[in-house]
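Analysis of the macromolecular model
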Amino acid sequence: MTRGSRAGRGAGAPSGRQSGPSRGSGQGRQSGGRRGPVRDEARNAAFDLLRAVDERDAYANLLLPTLLRERGLSGRDAALATELAYGSLRGLGTYDAIIGACSDRPPDEIDPPLLDALRLGAHQLLRTRIPPHAAVSATVDLVRLRVGAGASRFANAVLRKIASRDHDQWMPIVAPDAEEDPLGHLAVVHSHPRWIVSAFRDALGGDLRETAELLAADNERPGVTLVAWPGRSSVGELVDAGAVSSRFSPYAAYLPEGDPGSIQAVADGRAAVQDEASQLVALALTRVPVNGSDRAWLDMCAGPGGKAGLLDALAVQEGRNLLAADLRFHRSRLVWRATRRAAVITADGTAPAWRTGAFDRVLVDAPCTGLGALRRRPESRWRRDPASVPEFTALQRRLLTSALDSARPGGVVAYVTCSPHLAETAAVVDDVVRRTGAAEVLPARRYLDEAGGLGDGPHAQFWPHRHGTDAMFLSLLRKLPD
Ligand SMILES: C[S@@+](CC[C@H](N)C(=O)[O-])C[C@H]1O[C@@H](n2cnc3c(N)ncnc32)[C@H](O)[C@@H]1O
């Protein structure tokens, strides 16, 4: 392919001149004579989101609602902008491999704004039902308006080449052979960094077929799950408001469509959005029998307050006292908002502000790589760095050690991560238990009767492809006498 040798106009695009914004999929344009580039607000918003993620390390899920509001996008336009932006960010690994095969330079030598536009185009061509001619012409228009005329000719040539095959036809061309390099194959086909594929494969006991299912599940948008805080609202109330009963948690309901904020119980602060596995791991901590006192509960890494919200509601019902702490003041403020009666403090869990052995139950929901929640943050898989794993595991060990110090003998500690990476899960627990000799590991699955498929060992591991939840890990530990 000769770069810049093709006409700047979109391949197959009707050539009618059209002024003013065009919204939607780019279909239905006028035909006739030559036309200038058409500004498409949904694609522009998606492009701006990708640029913000690249240039400012923006979080797509946090910025997108603001961007849509500022641009006045709603309904189908908002849905299109969201699909294009999220799909392009998730699929970036696959799309870059294909763009590289269709270009005379590797993706990392393509001007970043142009590369982002090509990713948007590749997503439309390979993963949506937008007609190829519309996907190409709308993307070329975007490039011409936002990057430049020369770049639009290059984009046109690359996109036409991408459009010559569908996703499955591209895979044997761009992905390593599945027999020779299974991890490399899965990484390209399912658009994940190789080190994450490797970590998932290890956590799934080496099962490559199941690893592929997990990777595919990571590329789906997660549904919305609500929690009805006990004593404040009920699943029945959520169901009456349009939600659907859940599979596992007695406090969960799924919201098939619509804005959670439009549900009265959520608007009133009596219910909230919360992943079902998050509910169950917090619940499991409260289910373990303890001999003697059961008054004082601690949530040591509580921000932004998802699990603290549920623990607070349960503590109120059962007459317990919950202390919720977080290292960061702004996170503690969120916890304060999510709870009614809990005492909330800003404190470093590794240097506790509380007395040793003061608590009957302790939750340590440790900071982690977040590899279990990749569905929620479309760009996060590319931001995570394997070099961060040892930093997290060092902190996780200190926090778990401190959580055991904070529990009284006979008390219970729940160690939770939103990552299935073995270095952050079983390895941390094994190491701390061996080093301190302060705890025995309990069979966590016994306290999660609702859900199967949580693994074979003493710990419990939820999975997106098995449970439709985040990949949440739980280990339950009983503090031994000194
Ligand atoms: C995985 S998040 C907790 C999520 C929370 N439990 C929930 O369900 O919403 C980890 C939290 O630990 C906090 N954190 C990090 N280091 C900490 C420390 N040394 N002591 C206490 N909290 C810490 C972070 O600020 C972050 O809010």
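Residues take numbers from 1 onward in each chain, read along the sequence in its written order. Per-residue local features are limited, in this predicted model, to residues with pLDDT of at least 70; the limit for side-chain atom pairs, both in listing and counting, is 80 or more; totals at the level of whole chains, interfaces and linings are taken over all residues.

Re the environment of S278
With respect to the secondary-structure elements, S278 resides in helix α14 (residues 276-287). Three exposure classes are used, based on other C-beta atoms lying within 10 Å of a residue's own C-beta, which is placed from the backbone: buried for 20 or more, exposed for 12 or fewer, and partly exposed in between. According to the C-beta neighbour criterion, S278 is buried, with 25 such atoms within 10 Å. Between the alpha carbons of S278 and V227 there is a distance of 9.9 Å; along the sequence they are 51 residues apart. A residue pair is marked as a contact if its C-beta atoms, positioned from the backbone, fall within 7 Å. Setting aside chain neighbours within four positions, we find S278 in contact with G306, K307 and M472. Secondary structure elements are defined from DSSP: runs of H or I of at least 4 residues count as helices, runs of E of at least 2 residues count as strands, and each element is numbered from the N terminus.

Focus: the domain arrangement of the chain
Residue ranges for the domains trace back to a domain assignment, done automatically or taken from a database. According to the domain assignment, the chain contains domain 1 (41-162), domain 2 (175-218), domain 3 (223-273) and domain 4 (276-479). Look at where the C-alpha atoms of domain 1 and domain 3 centre, and you get two points 35 Å apart.

Section: the sheet that holds strand β3 (residues 252-255)
Two strands make a pair as long as DSSP finds a minimum of two bridges between them. Overall, antiparallel pairing links the four strands, which are arranged β2-β3-β1-β4 in an open sheet. Where the open sheet ends on each side, the last strands, each with one partner, are β2 (244-245) and β4 (271-273). Pairing of strand β1 (residues 224-228) with β3 involves four bridges; the strand directions are antiparallel. If you follow T225 over to β3, its bridge partner there is Y254.

A word on the pairing of β1
In terms of burial, β1 is a largely internal element, four of the five residues being buried. When β1 meets β4, the two strands line up antiparallel, connected through three bridges. Bridged to V227 within β4 is A272.

Considering the site of the ligand
Nearness rests on one distance test: the residue's C-beta atom, set from the backbone, must lie within 6 Å of the molecule or strand. Near the ligand there are 20 residues, and of these C301, G303, G306, G349 and D365 occur at the shortest range. When contributions to the shell around the ligand are tallied by element, the ones reaching two or more residues are α15 (306-318) and β6 (321-326). Put simply, Ala, Val, Leu, Ile, Met, Phe, Trp, Tyr, Cys and Pro go in the nonpolar bin, Asp, Glu, Lys and Arg in the charged bin, and everything else, Gly too, in the polar bin. Among the residues making up the shell around the ligand, the classes are represented as eight nonpolar, six polar and six charged.

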